[in-house]
Amino acid sequence: MSFLNKIDGWRTKVFVWIGLPVIAGIGLMMGATDLLPTWQAHNGGGTAGTFTAVYEDCGRRNCEWRGTFAADQGDDRRADVILYDAPDGLAVGGTAPARDTGARAGVFSTSGGSTYLLVTGLTLAGVAALVAWVVIIVRTVRNRRAKPEGEPVSFAPSL
C-alpha cells in the first residue's frame, strides 16, 4: 500500500496536515514574490546603479549589508535595502555596483551570486508541498467515499 493511501502514526499525520501546508505557505509567500526579480538580476536585467553600504546586519548564521541604492541614470533611489550577493571586502561607506529589479527588500550585486538558486529552490519546495498536500486531500476524500459501509454495530449480547 502506498504512502498516500495509508497515513498512520501521529508524526505522519502532523507532517501531512500541518507540515505540508506550512512548507507550501512559506515557500510560495517568500519565494514566489522574489522569483522573477532574482532571475532578472541573474540575467543582467533591471536598473543599474550603485549601492552604498550603511551598516551590516548580522543574525545567527549570516550577515547582510543594508544601505542605499542610487540608479546610474535618473533620480531613482531606494533607502534601507539589502544588497544580495554582496562582494567580499565591502565596508561601511563602501560602494558596489548593483541592479534594482524590483525585489521587495533589496537590490542585487552585479558580481553575481546564488540568490536566484535559493529563491528558486524555496519556490519549488512550496509548489511541491502544495501539490502533495492537495493530492493527499483528494485521495483521502475519495477513499472515504469509496469505502463500503460495514455492518451496523450492535451492542446487544450475542446468543
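Report on the accompanying structure. (Residues numbered from 1 in each chain as written. Predicted model: local features only at pLDDT ≥ 70, side-chain atom pairs only at ≥ 80, totals over all residues. Heavy atoms only, no water.)

**Here's the deal with the state of the cysteines**
Inspection of every chain in the model, using the stated rule, returns one disulfide. The partner cysteine of Cys-58 in its disulfide is Cys-63, sulfur to sulfur 2.0 Å. Residues Cys-58 and Cys-63 are joined through a disulfide that is right-handed, its torsion about the S-S bond being 110°. Residue classification places Cys-58 among the partly exposed positions, given a relative accessible area of 44%. Taking relative accessible area as the criterion, Cys-63 reaches 43% and is therefore assigned partly exposed. (Disulfide = S-S within 2.5 Å. Buried < 20%, exposed > 50% of the residue type's maximum accessible area, 1.4 Å probe, protein only.)

**Some points on the pattern of salt bridges**
In a structure, side chains of opposite charge can pair up when their charged atoms sit close to one another. Counted by the stated rule, this structure contains five salt bridges. In this structure, the salt-bridge partner of Asp-34 is Arg-104, at a minimum N-O distance of 3.6 Å. Here the residue Asp-34 occupies a position in helix H1 (residues 10-42), and Arg-104 occupies one in the loop between strand S4 (95-100) and strand S5 (106-109), the gap between them amounting to 70 residues. Among the residues examined, Asp-34 registers a relative accessible area of 6% and is labelled buried. Overall, the relative accessible area of 51% leaves Arg-104 in the exposed class. Through salt bridges with shared partners, a single network forms among Asp-57, Glu-64, Arg-66 and Asp-80. (Salt bridge = Lys/Arg side-chain N within 4 Å of Asp/Glu carboxyl O. Helix = DSSP H or I, 4+ residues; strand = E, 2+ residues; numbered from the N terminus.)

**Quick look at the packing of H1 against helix H2 (residues 115-146)**
Put simply, H1 and H2 touch, their axes get as near as 6 Å, and they point 145° apart. Relative to H2, the crossing made by H1 is left-handed. Taken together, the residues of the contact of H1 with H2 sort by class into 22 nonpolar, nine polar and one charged. (Axes fitted to C-alpha atoms, helices over the stretch in contact; angles between N-to-C directions. Left-handed = near helix turned anticlockwise from the far one by under 90°. Nonpolar A, V, L, I, M, F, W, Y, C, P; charged D, E, K, R; others polar.)

**Remarks on a nonpolar patch on the surface**
On the surface, Trp-10, Val-14, Trp-17, Ile-18, Val-22, Ile-26, Met-29, Met-30 and Leu-122 cluster together into a nonpolar patch covering about 900 Å² of accessible area. Looking at the nonpolar patch, the element that brings in the most residues is H1, giving eight residues. Mapped onto the elements, Val-14 comes out in helix H1. (Patch = residues over 30% accessible without salt bridge, like charges linked within 9 Å, V, L, I, M, F, W, Y side chains within 5 Å. Areas by Shrake-Rupley, 256 points an atom, 1.4 Å probe, with all protein chains shown as cover.)

**As for the layout of surface pockets**
Empty space left among the atoms is revealed by rolling a probe the size of a water molecule over them. The volume enclosed by the largest pocket comes to roughly 530 Å³. Lining the largest pocket are 25 residues; nearest its centre among them are Asn-62, Glu-64, Tyr-84, Thr-115 and Leu-118. Every element with two or more residues in the lining of the largest pocket is listed here: H1, strand S2 (63-71), strand S3 (77-84) and H2. In terms of residue class, the lining of the largest pocket is built from 15 nonpolar, five polar and five charged. (1 Å grid on protein atoms, 1.4 Å probe; cavity = no way out; pocket = protein on both sides within 12 Å on 5 of 7 lines; lining within 4 Å. Points joined across faces, edges and corners; volume = space filled by probe spheres on them.)

**What to know about the side chain of Thr-115**
Residue position: Thr-115 is located in helix H2. Setting aside chain neighbours within four positions, we find Thr-115 in contact with Thr-38, Tyr-84, Asp-85 and Phe-108. (Contact = heavy atoms within 4.5 Å.)

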